[in-house]
Amino acid sequence: TLTQFYHYRDLWKLDAKTLAWEQVEPCTKTMPSSRSGHRMVDWRGKILVFGGFYKASQDQNAIFVNDTWLYSPAHNEWRPLKFTDAPGVAKPPLRSGCVLAPCSDFSVLVWGGYSEIRCDNAVKARGKPH
């Protein structure tokens, strides 16, 4: 319905020759949480997943994330990338809908995106551009 949202955490693979879809069951139980608005990019032979949000219904505020995951097709496993939370160490804020771009120096750029912030303790939230 329009008041209930469904977010997925399943992984699918398309065979470009046969045009057949196959659901991939990773051999690790640890994997990214259900989400929408995340971004994926092919990075060094792996799939890098960043950000996104989860919102169960229109009555709830969205929960935005800025976690980063790597999926290895060769090993069929997910691995979270852990970053330091030390003061003064930069990390992109919580967001969804951003752009990821792999670079020739093996880095990945994050640009733009969207999140929500509360306004004066109101139930409604307004967007926050990044």
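The structure displayed is predicted, hence computed values, not measured ones.

Let's shift gears to the overall build of the protein. Of regular secondary structure, the protein possesses zero helices and 10 strands. Carbon and sulfur atoms make up 57% of the accessible area of the protein, which totals about 9,300 Å².

Summed over all chains, the structure comprises three aromatic pairs. Following the ring pairs from residue to residue traces out a cluster consisting of Phe53, Phe64 and Tyr114. Arg44 extends its terminal NZ or CZ atom over the ring of Trp43, reaching a point 5.6 Å from the ring centre. It is Arg44 that lies over the ring of Phe106; its NZ or CZ is 4.5 Å from the centre.

This next bit is on the side chain of Ser72. Position of Ser72 among the secondary structure elements: in strand E5 (residues 63–72). Leaving out residues up to four positions away in the same chain, Ser72 has contacts with Lys46 and Glu77.

Rules behind the numbers
- Per chain, residues are indexed from 1 in the order of the written sequence.
- Selection of residues for local features in this predicted model requires a pLDDT of at least 70, selection of side-chain atom pairs for listing and counting requires 80 or more, and totals for whole chains, interfaces and linings are taken over all residues.
- Just so you know, side-chain values use all the structure's heavy atoms and leave hydrogens and water out.
- Starting at the N terminus, helices and strands are each numbered in turn, a helix being any DSSP run of H or I of at least four residues and a strand any DSSP run of E of at least two.
- For the accessible areas, the method is Shrake-Rupley and the probe is 1.4 Å, while residue cover comes only from the protein chains on display.
- Pairing of aromatic rings covers Phe, Tyr and the six-membered ring of Trp, with a centre-to-centre limit of 6.5 Å; geometry is then stacked below 30 degrees between planes, edge-to-face above 60, and tilted otherwise.
- We count a charge as sitting over a ring when the NZ of a lysine or the CZ of an arginine lies within 6 Å of the ring centre and within 35 degrees of the ring normal.
- Contacts: residue pairs with any heavy atoms within 4.5 Å of one another.

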